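Structural description and commentary
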Amino acid sequence: MIELCYVVLTLAALCFSYRLLRGPSLSDRVISIDGLLVVMMSTIAVHAMDTGRGSFIPVIVVLTLVGFLSTAVVARFVEAGGA
Amino acid sequence: MLGEALALLGCVLVLLAAVGVARFPDVLTRMHALSKATTLGLLVVLIGAAIGVDTFNDVTSLLLAGALQVLTAPVGANLIARASYQSSEIPHRVDVVDELSSPDEPAPRW
C-alpha cells in the first residue's frame, strides 16, 4: 500500500509538471509549483512512515512556511504588474 | 494499517488536484482544484503519517505542519486569485456579480 502511495504521488507530480511547463501565465506556474510543494511534503510524510525514521519531518513544516511566503511574494509581484 | 490507508487516501486526493490543475481551462478553476483538494489531501496524509510513526516528537511536528497548511493555504489561494484577476487574465463577464471590478471603469484592463 505504501508503494501505491509513491506511484500516485509520482503521477500527481507529473500532472503538476505538465502544467508548470505548459501554463500560459505566471499564475499557472505559481499554482503548479504550489502543487509540487504539496507533493514533496506528502512524499516526506509517506517516506517517514515507510522507513520509521522521522529525520526529515521538520522539513515539512519549513516547506509549508516557505511555500506560503513564496506564494504571497509572487502574488504581490504579479499584482504590481511585474509580469 | 489505518495510517497507511489514510496516507493512500490523501495521495489520491492530491492526484485528483493534480489532474484538475492539468486539465481545467483557466486560472481560477485550476486554483479552485488545487487549493481545496490539496489542503484536504495533505491534511489526511499528515494525519495518517502521525498515526503511522512511533516517536511523539514526529507526531507533534506532523500535526503542526497540518495546522500551518490549513491556516496558510486559503490565504495563499486568495492572494493568487486576486493577483491573477488584477493582471487581467480573467475575462470580464457582465452577467455575474463581480466584486473586484471598480465601479468607475466597469471593464478591467485587458
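Scroll up a little and you will see the structure.
Structural notes, computed from the coordinates. Computed from a predicted model, the values in this text were never measured in an experiment.

Digging into the interface of chain B and chain A
- Tallying the contact residues gives 44 residues for chain B and 43 residues for chain A.
- Every element with two or more residues in the side of chain B that touches chain A is listed here: α1 (2-23), α2 (27-52) and α3 (56-86) of chain B.
- Looking at the side of chain B that touches chain A residue by residue, the classes come out as 26 nonpolar, 12 polar and 6 charged.

Notes on the nonpolar core
- Among the nonpolar cores identified, the biggest contains 55 residues, and A12 and A45 of chain A together with V14, L46 and A49 of chain B are the most heavily contacted of them.
- Mapped onto this core, the elements with two or more residues apiece are α1 (2-22), α2 (26-51) and α3 (57-79) of chain A together with α1, α2 and α3 of chain B.
- The greatest single-element share of this core, amounting to 13 residues, is contributed by α2 of chain B.
- For A12 of chain A, the residues in contact, after removing those within four places along its chain, are V39 of chain A together with V14, L15 and A18 of chain B.

Considerations on α2 of chain B
- In this model α2 of chain B runs 36 Å from its N-terminal to its C-terminal C-alpha over 26 residues, within 8% of the 38 Å that 1.5 Å per residue would give.
- For α2 of chain B, the principal kink sits at T38 of chain B and spans about 25 degrees.

A closer look at the packing of α1 of chain A against α1 of chain B
- Running from N to C, α1 of chain A and α1 of chain B cross one another at 15 degrees; their axes reach a closest spacing of 8 Å. In terms of orientation, α1 of chain A lies roughly parallel with respect to α1 of chain B. Along this stretch, α1 of chain A crosses α1 of chain B, giving a crossing that reads as left-handed. Where α1 of chain A abuts α1 of chain B, its residues I2, L4, C5, V8, L9, L11, A12, C15, F16, Y18 and R19 of chain A lie against E4, A7, L8, C11, V12, V14, L15, A18, V19, V21 and A22 of chain B.
- Classifying every residue of the contact of α1 of chain A with α1 of chain B gives 20 nonpolar, no polar and 2 charged.

Some words on the packing of α3 of chain A against α3 of chain B
- At a minimum axis separation of 9 Å, α3 of chain A and α3 of chain B run at an interaxial angle of 10 degrees. Here α3 of chain B runs roughly parallel to α3 of chain A, going by the angle between their axes.
- Broken down by class, the residue content of the contact of α3 of chain A with α3 of chain B amounts to 16 nonpolar, 8 polar and 3 charged.

What counts and what doesn't
- Residues numbered from 1 in each chain as written.
- Chains lettered and ligands numbered in written order.
- Predicted model: local features only at pLDDT ≥ 70, side-chain atom pairs only at ≥ 80, totals over all residues.
- Contact = placed C-beta atoms within 7 Å.
- Helix = DSSP H or I, 4+ residues; strand = E, 2+ residues; numbered from the N terminus.
- Nonpolar A, V, L, I, M, F, W, Y, C, P; charged D, E, K, R; others polar.
- Core = buried A, V, L, I, M, F, W, Y, C linked by C-beta atoms within 7 Å.
- Buried ≥ 20, exposed ≤ 12 C-beta atoms within 10 Å, placed from the backbone.
- Expected span 1.5 Å × (residues − 1).
- Bend = angle between axes of the 7 residues up to and from the residue.
- Axes fitted to C-alpha atoms, helices over the stretch in contact; angles between N-to-C directions.
- Parallel < 35°, antiparallel > 145°, perpendicular 65-115°, else oblique.
- Left-handed = near helix turned anticlockwise from the far one by under 90°.

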